Amino acid sequence: MRLAAHGVDPNQPEIFIRAFKVGRQLEVWARTRATATPFVLVRTFYISGTSGTLGPKRREGDGQVPEGFYQLDRFNPTSAYHLSLGLNYPNASDQCQSDAQHPGGDIFIHGSNVTVGCLPITDAGIEELYVLATEARAGGQDTIEVHIFPFALTPENLAARRNSTHAIFWQNLSAGYTFFEQNHQLPHLATDARGSYTVR
């Protein structure tokens, strides 16, 4: 990735990953670490395979790609899908709202173009992203956030899907989505006892 061309110091990258099911896009945003400058979009990958439908993951075996606010928690250089970056699913919200005994797990961004519940971006794509994430971690970025949305959570898109069984959940996600859209800064998120997100 040509970080310098976007005003990001390639020796001190801080990255953020955002994905959308509709349109099958995985975005990589970056800025120079330890600065308060806004994140800038530096790369967009095509999500090369999908499973499930719009809506969150709620149980093991449902084939769903999660929706919500996550972090990378594993770097797997020996993945069966070339390379992979693991997500901390189930997060605190999922633990409140998903199947208590069998919520599922092992959700990754990985290579290849096939998946059941993960985000594949081809072997070439994961090589590029894996190197950048490794460099960001080595440079001091302790937490790499990954936000996954069904679609851009604009008022218009939410209104068009207001009759969905997931409408209340998506409305809850929209505060975090909107904060980043307006500021290009990451929201400070908390989860209440019901699993709902709040922006602090």
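For the structure itself, consult the block above.
The rules behind these values
Residues numbered from 1 in each chain as written. Predicted model: local features only at pLDDT ≥ 70, side-chain atom pairs only at ≥ 80, totals over all residues. Heavy atoms only, no water. Helix = DSSP H or I, 4+ residues; strand = E, 2+ residues; numbered from the N terminus. Rg over C-alpha atoms; globule rule 2.2 N^0.38 Å. Contact = heavy atoms within 4.5 Å. Areas by Shrake-Rupley, 256 points an atom, 1.4 Å probe, with all protein chains shown as cover. Lys, Arg positive; Asp, Glu negative; His and termini not counted. Charge placed at Lys NZ, Arg CZ, Asp CG, Glu CD. Buried < 20%, exposed > 50% of the residue type's maximum accessible area, 1.4 Å probe, protein only. Expected span 1.5 Å × (residues − 1). Phe/Tyr/Trp six-rings, centres within 6.5 Å; stacked < 30°, edge-to-face > 60°. Lys NZ or Arg CZ within 6 Å of the ring centre and 35° of its normal. Pairing = 2+ DSSP bridges. Core = buried A, V, L, I, M, F, W, Y, C linked by side-chain atoms within 4.5 Å.

Novice: Just give me the short version of the overall build of the protein, but keep the residues and values in it.
Specialist: The helix and strand inventory of the protein stands at four helices and ten strands. Going from N to C terminus, the protein has its helices and strands arranged as β-β-β-β-β-α-β-β-α-β-α-α-β-β. The C-alpha radius of gyration of the protein comes to 16 Å, within 12% of the 16 Å expected for a compact globule of 200 residues. Expressed as lengths along the three principal axes of its C-alpha atoms, the size of the protein is roughly 45 × 40 × 30 Å. Summarising the internal contacts of the protein: among those between residues at least 6 apart in sequence, 58% fall at separations of at least 24. A total accessible area of about 9,500 Å² is found for the protein, and carbon and sulfur atoms account for 50% of it. One finds the centroid of the 16 positive side-chain charges in the protein at a distance of 5 Å from the centroid of its 19 negative side-chain charges.

Novice: Outline unusual backbone geometry, supporting the account with residue identities and numerical values.
Specialist: Each neighbour pair has its own omega, and for Y89 with P90 the value is 0°, a cis peptide bond. Of note, P90 is situated in the loop between β5 (84–87) and α1 (92–97). Of note in the backbone geometry, A34 takes a positive phi value of approximately 65° without being a glycine. With respect to the secondary-structure elements, A34 resides in the loop between β2 (25–32) and β3 (40–46). Even without being glycine, T122 reaches a positive phi, approximately 70°. In this fold, T122 is placed in helix α2 (residues 122–138). The class for T122 is partly exposed, based on a relative accessible area of 33%.

Novice: How would you explain α2 if you had to name every residue and give the values?
Specialist: Owing to its 3.6 residues per turn, the α-helix brings residues three or four apart onto one side. With 17 residues, α2 should reach 24 Å at 1.5 Å per residue; the first-to-last C-alpha distance of 24 Å fits that figure. Among the residues of α2, G125, I126, L129, Y130, L132, A133 and A136 are the ones counted as buried. Within two residues after α2, G140 carries a phi angle of roughly 115°, on the positive side.

Novice: Before we move on, could you go through the packing of aromatic side chains and cite the residues and values that matter?
Specialist: Counted under the stated rule, the structure contains twelve aromatic pairs. The rings of F20, F69, F149, Y177 and Y197 are connected pair by pair, giving a single aromatic cluster. Over the ring of F169 we find R58, and its NZ or CZ is 5.1 Å from the ring centre.

Novice: Explain the pairing of β2 to me, and be specific about the residues and the numbers.
Specialist: Regular strands place side chains that alternate from one sheet face to the opposite one. Across the eight residues of β2, seven count as buried, placing the element largely inside the fold. The sheet contact formed by strand β1 (residues 13–20) and β2 spans eight bridges and is antiparallel. From the neighbouring strand, E14 faces β2, where its bridge partner is R31. Counting the residues in the hairpin turn of β1 and β2 gives four residues, including G23, whose phi is positive at 90°. Sheet topology places β2 next to β3; six bridges connect them, and they run antiparallel. Residue pairing in the sheet places E27 in a bridge with T44 of β3.

Novice: Can you explain the nonpolar core? Please cite residues and give values.
Specialist: Residues L26, L72, L85, I109 and L129 are the most contacted members of the largest nonpolar core, which totals 32 residues. Among the elements of the structure, β1, β2, β3, β4 (68–76), β5, α2 and β8 (145–149) are those that each provide at least two residues to this core. Per element, the largest residue contribution to this core is six residues, and it comes from α2. Setting aside anything within four residues of it in sequence, one finds L26 in contact with I17, R18, A19, R43, T44, F45, I47, I109, L119, I121 and L129. F20, W170, Y177 and Y197 belong to the second largest nonpolar core, which has eleven residues in total.

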